[in-house]
Amino acid sequence: MGAAPAGARAGAAIDRVRPVSLVELPAGRTAPDGSGRAVPHVRIAIVGTGFAGLGLAIRLKQEGIEDFVLIERADDVGGTWQANTYPGCQCDVPSHLYSFSFAPNPDWTRTYSRQGEIWNYLRDLARRHDLHAHIRFGHELTGATWDEAHARWHVETSRGAWTAEVVVDATGPLSHPQVPAIRGLRRFPGTAFHSADWDHDHDLTGERVAVIGTGASAIQFVPRIAGEVGQLHVFQRTAPWILPHTDRPTTRLERRLYRAFPLAQRIVRSAVYWSRESFALGFIKDQRFMKGAEKIALAHLRRQVRDPELRRKLTPQFRLGCKRVLLSNDWYPALTRPNVELVTESIREIRGRTIVLSDGSEREVDTIIFGTGFHVTDPPTARLVRGRDGRTLAEAMSAGIQAYLGATMGGLPNFFKLIGPNTGLGHSSMVFMIESQLRYVMDALRIMDEQQIATFEVRPEAMTAYNAQIQSMMPGTVWMSGCASWYLDAAGRNTTLWPDFTWRFRYRTRRFNTRAYELRRRADLPAPAAAEAAA
Ligand SMILES: Cc1cc2nc3c(=O)[nH]c(=O)nc-3n(C[C@H](O)[C@H](O)[C@H](O)COP(=O)(O)OP(=O)(O)OC[C@H]3O[C@@H](n4cnc5c(N)ncnc54)[C@H](O)[C@@H]3O)c2cc1C
């Protein structure tokens, strides 16, 4: 990557996109877009090819639905697992659960898979289910506008447009890297990049490197680069809770067993699921359950860090679970290396190559790596989606984003967001939540067909009541116990996490609840739209 300015580089995944040849869509219909251009029309436009987008595409094909397009800004499928190629990238939920229930993989080589293996799993699924004919790589969504007169969406991308009956936003909660606004960063003459956009062409050997952030990604890549760089300064705002990692290679016997008896793997998956579900007790019901885990974490810290001053800096000052709980056996040892410094002073500014701290001290560095997370509560796609009343989703939700079942939002007819507000988890697999929502979307499409429904839109009172209930469950959860975290929006509301057991989410999303929606039948559309809908 060379010496590109940090602000311009970080998060610029689109830069890596290669041109691809376009394959004809299975359905060759066209329809005029807003300006009268004839553009391809599809029943469903899915944006994103991570677990969520691919999962939905697979479910559609299983139901014989071929009339859909998958829009993807990157040059390959995989989402999170395509973008995050930083050293040490690994899931922190056991792989038997962090995978689709309908596509178990008996061949996981570790209990917690590494990035390459998860990415390959997703690429393999896309190949096996013949999804490539539907995917448009290198297409970044630039706008989606609801056309009330024709009851359809106009979908604009960097390289082409569509009209669609239904839009599914599967752009992911952690796909837009966040870089803090530090004075002087843009003028930093060295190399700077975000962990989600790792610069593999840049050689860190012997360099003076700053890592900003000590969250889930940083604790994975810092131990991998600590031995390679000359000097490493790790900038920590708050010390995270770290539990010992139980990751291990799987044995040949286990893999053979799962291949020969898929039921054995399903039993293990189920055991992992229920043991994780029991963790929810501490997160949402009674924080006293966290005390045992805190003792384990503090013993882990004591065992691995002898220096009392360093240990003090690494001792978390909030309840375990309030921020994401992290797993690592090599994070603390990395920080005890002679060439690694843990810096807890805040950054005042960057002057040339020098990072100036609030106490006036300075660190000169060649490279800055941001492990500073993602735009979670302010997703950029919210500014691209324009609903029935002409307002963008961001404008409509300026008081805080919310949705019904994390999937549908008032003012956005025929629109689903996968892994939308209040579907995140601190204790279990996001793939479980994604699968719950896939079932919900598939049920909605079935009902649209059966009842000749042209449009659905969640009723404001249903959305308000649902969110009031979700927010009423937040006080008393560990996430509201007094720490600042990316789970909370600017107003301090938790719009990110599901505050209950995940099986309750599965139960609530088992059917598309038509009573919560304003439905318009095809026959009730104005004449031109009805004719097009029938075509
Ligand atoms: C490093 C890391 C580790 C994680 N580990 C775990 C874990 O162990 N367990 C767990 O449960 N969860 C984990 N997560 C959360 C993870 O994001 C989810 O589990 C899951 O992968 C989300 O899938 P998704 O399809 O919703 O989104 P993503 O995988 O983020 O996919 C979104 C896709 O949308 C595309 N996209 C975004 N914007 C646009 C646009 N404007 N136009 C076109 N395409 C666009 C992106 O390129 C991407 O391909 C982790 C996240 C990260 C970042």
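Described below are features of the structure shown in this document.

### Topic: the site of the ligand
Consideration 1: Around the ligand, a shell composed of 32 residues is seen, among which E72, D92, Y98, L141 and M430 lie nearest.
Consideration 2: Within the backbone of T80, a nitrogen or oxygen atom sits 2.8 Å from an oxygen atom of the ligand.
Consideration 3: The side chain of H176 places a nitrogen or oxygen atom 3.4 Å from a nitrogen atom of the ligand.
Consideration 4: Expressed as a share of its isolated accessible area of 980 Å², the protein-covered part of the ligand is 95%.
Consideration 5: Of all elements in the fold, only helix 2 (51–62), helix 3 (80–83) and helix 12 (430–450) reach the threshold of two or more residues within the shell around the ligand.
Consideration 6: Looking at the shell around the ligand residue by residue, the classes come out as 15 nonpolar, 13 polar and four charged.

### Thoughts on the state of the cysteines
Consideration 1: Summed over the entire model, instances satisfying the criterion amount to one disulfide.
Consideration 2: A sulfur-sulfur separation of 2.1 Å characterises the disulfide bridge that pairs C322 with C483. The chirality of the disulfide connecting C322 with C483 is left-handed, given an S-S dihedral of about -100°. Placement of C322 in the loop between helix 9 (308–314) and strand 12 (326–327) and of C483 in the loop between helix 13 (460–472) and helix 14 (502–508) is noted, with a sequence separation of 161 residues between them. A single burial state applies to C322 and to C483, both of which are buried.
Consideration 3: No disulfide involves C91; its nearest neighbouring cysteine sulfur is the one of C89, lying 8.8 Å away.
Consideration 4: Residue class for C91 comes out buried when judged on its relative accessible area of 3%.

Rules used in this analysis
- Chains are numbered independently. Their residues run from 1 in the order of the written sequence.
- Only residues with pLDDT of at least 70 get local features here, since the model is predicted, and only at 80 or more are side-chain atom pairs given and counted; chain-wide, interface and lining totals rely on the full set of residues.
- Side-chain numbers come from the whole structure's heavy atoms, not from hydrogens or water.
- Residues are labelled near a given molecule or strand when at least one of their non-hydrogen atoms is within 4 Å of it.
- In protein, a polar contact requires one atom able to donate a hydrogen and another able to accept it; more generally it is a pair of N or O atoms within 3.5 Å, and residues adjacent in sequence count only if both atoms are side-chain atoms.
- Only the protein chains shown count as cover for residues, and all accessible areas are computed by the Shrake-Rupley method using a 1.4 Å probe.
- Strands are runs of DSSP state E lasting at least two residues, helices are runs of H or I lasting at least four, and both sets are numbered from the N terminus onward.
- Only Asp, Glu, Lys and Arg are considered charged, only Ala, Val, Leu, Ile, Met, Phe, Trp, Tyr, Cys and Pro nonpolar, and every remaining residue, Gly among them, polar.
- Disulfides are defined as cysteine sulfur pairs within 2.5 Å.
- Summary of the burial criterion: residues with accessible area below 20% of their type's maximum are buried, those above 50% are exposed, and those between are partly exposed, where the area comes from a 1.4 Å probe applied to protein chains only.

Remember, this is a structural readout, not a statement about activity or role.
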